[in-house]
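Structure assessment
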Amino acid sequence: MFIDSAKIEVTSGDGGNGCFSYDRDKFKPKGKPGGGNGGRGGNVYIVASKNAQTLQDISYRSFYRAQRGGHGGANNLYGKSGEDIKIPVPLGTTVKDFDTDEFIYDFTTDGEEILIVKGGRGGRGNKAMVTKFNPNPEYAEYGKSGETKTLKLTLKVMADVGLVGLPNAGKSTLLSVVSRATPEIADYPFTTLTPHLGIVKTGEYGSFVMADIPGIIEGASSGKGLGIQFLQHIERTRVLAVLIDCNDENPKETAKKLRGELKQYSRELAEKPYICVLTKTDTKNLDEIKIPRAWLSISAATNDGISKLIFKLNEMILQARKDEGVIENEVVKVG
């Protein structure tokens, strides 16, 4: 199961209490103040990890509490700091405050780490409370309480190419042919119920990541079908491939409607570079297929047009990366 969102509550540790104590000398029943400070409570961090793939484990454990700091002791003994908690999340995870909807962070790089809630400060022991005007304090401090936040985590698949199309447009079949991904494939709508990623080789050293998401239907931008929960997964893609079944009665109109749904959902998404592709050309007489200008045509069953499509997508991706300032090298030919 692909878990793409989770609600969790995180609480940092309370600070340990300071100690009220006096040094004991052999011939002095009451020596100088000697109570040590309490340790700070544990912090809670969120860290991006390339080894995490979904939010599934996090969603199962909805409460996270860091350890309390140790109490101070006699003879100026300091309490031990509470252990921190680090919650690993996949790359592509955004964090918001659940109660206020305030945006907190967007994890895009392996190893990124942010402090979510800070542990409470340890209380001061009476030794630390000594001042010129109070050389013999008769008290110590309690540790400060930790903080609590409720968070909303959302994972958006990170890929170079996002496959867009109606249900059963051939997206899963294409992904399985051009990569080692093994999405479920069948002759009925909504076979794909979760996003799938595949790595597409573009030569001896080159590659890009392709994402197959559930089919988009009219009204998806307002939540119809599988709707918004999966449109979010192509927000991070650099390039879109709009796949249309060659048996569609009006491919141009279908492509227009699909792009309209993208625009309704996100203007930024609609402005991404895209290419339209007619699929399943092996199911129709080639003489009957009218390929619109600037479109490509493929058959995943016979591999017809696949190399040309990969080359074109690779070219578009490299250009997008250059525009982002990610790379400066030239396009590598495919095949």
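What counts as what
- Residues numbered from 1 in each chain as written.
- Predicted model: local features only at pLDDT ≥ 70, side-chain atom pairs only at ≥ 80, totals over all residues.
- Heavy atoms only, no water.
- Pairing = 2+ DSSP bridges.
- Helix = DSSP H or I, 4+ residues; strand = E, 2+ residues; numbered from the N terminus.
- Expected span 1.5 Å × (residues − 1).
- Buried < 20%, exposed > 50% of the residue type's maximum accessible area, 1.4 Å probe, protein only.
- Arc of directions from axis to C-beta.
- Phe/Tyr/Trp six-rings, centres within 6.5 Å; stacked < 30°, edge-to-face > 60°.
- Lys NZ or Arg CZ within 6 Å of the ring centre and 35° of its normal.

**Examining the pairing of strand β11 (residues 207-212)**
Across three bridges, strand β9 (residues 161-165) lies against β11 in parallel orientation. Residue pairing in the sheet places L163 in a bridge with D212 of β11. Bridge count for strand β10 (residues 196-201) against β11 is six bridges, and the pairing is antiparallel. Following the sheet pairing, H196 is matched in β11 by D212.

**Brief notes about helix α4 (residues 251-265)**
Its 15 residues place the ends of α4 21 Å apart at the C-alpha level, agreeing with the 21 Å of an ideal helix rising 1.5 Å per residue. Of all the residues in α4, the buried ones are P251, T254, A255, L258, E261 and L262. Projected down its long axis, α4 carries its buried residues within an arc of 120 degrees, all on one side. In α4, the exposed positions angled more than 90 degrees off the buried face are occupied by K252, K256, K263 and Q264.

**A closer look at the packing of aromatic side chains**
Applying the stated criterion across every chain, the model contains two aromatic pairs. Measuring from ring centre to ring centre gives 5.4 Å for F20 and Y22, while their planes differ by 80 degrees; the resulting arrangement is edge-to-face. Over the ring of F98 we find K7, and its NZ or CZ is 4.2 Å from the ring centre. Between the NZ or CZ atom of R259 and the centre of the ring of Y274, over which it lies, the distance is 3.7 Å.

**Focus on the pairing of strand β4 (residues 85-89)**
Of the two faces of β4, the one lined by I85, I87 and V89 is fully buried and the one lined by K86 and P88 carries no buried residue. Both strand β2 (residues 44-48) and β4 contribute to a ladder of five bridges, which runs parallel. For A48, the partnering residue across the bridge sits in β4 and is V89.

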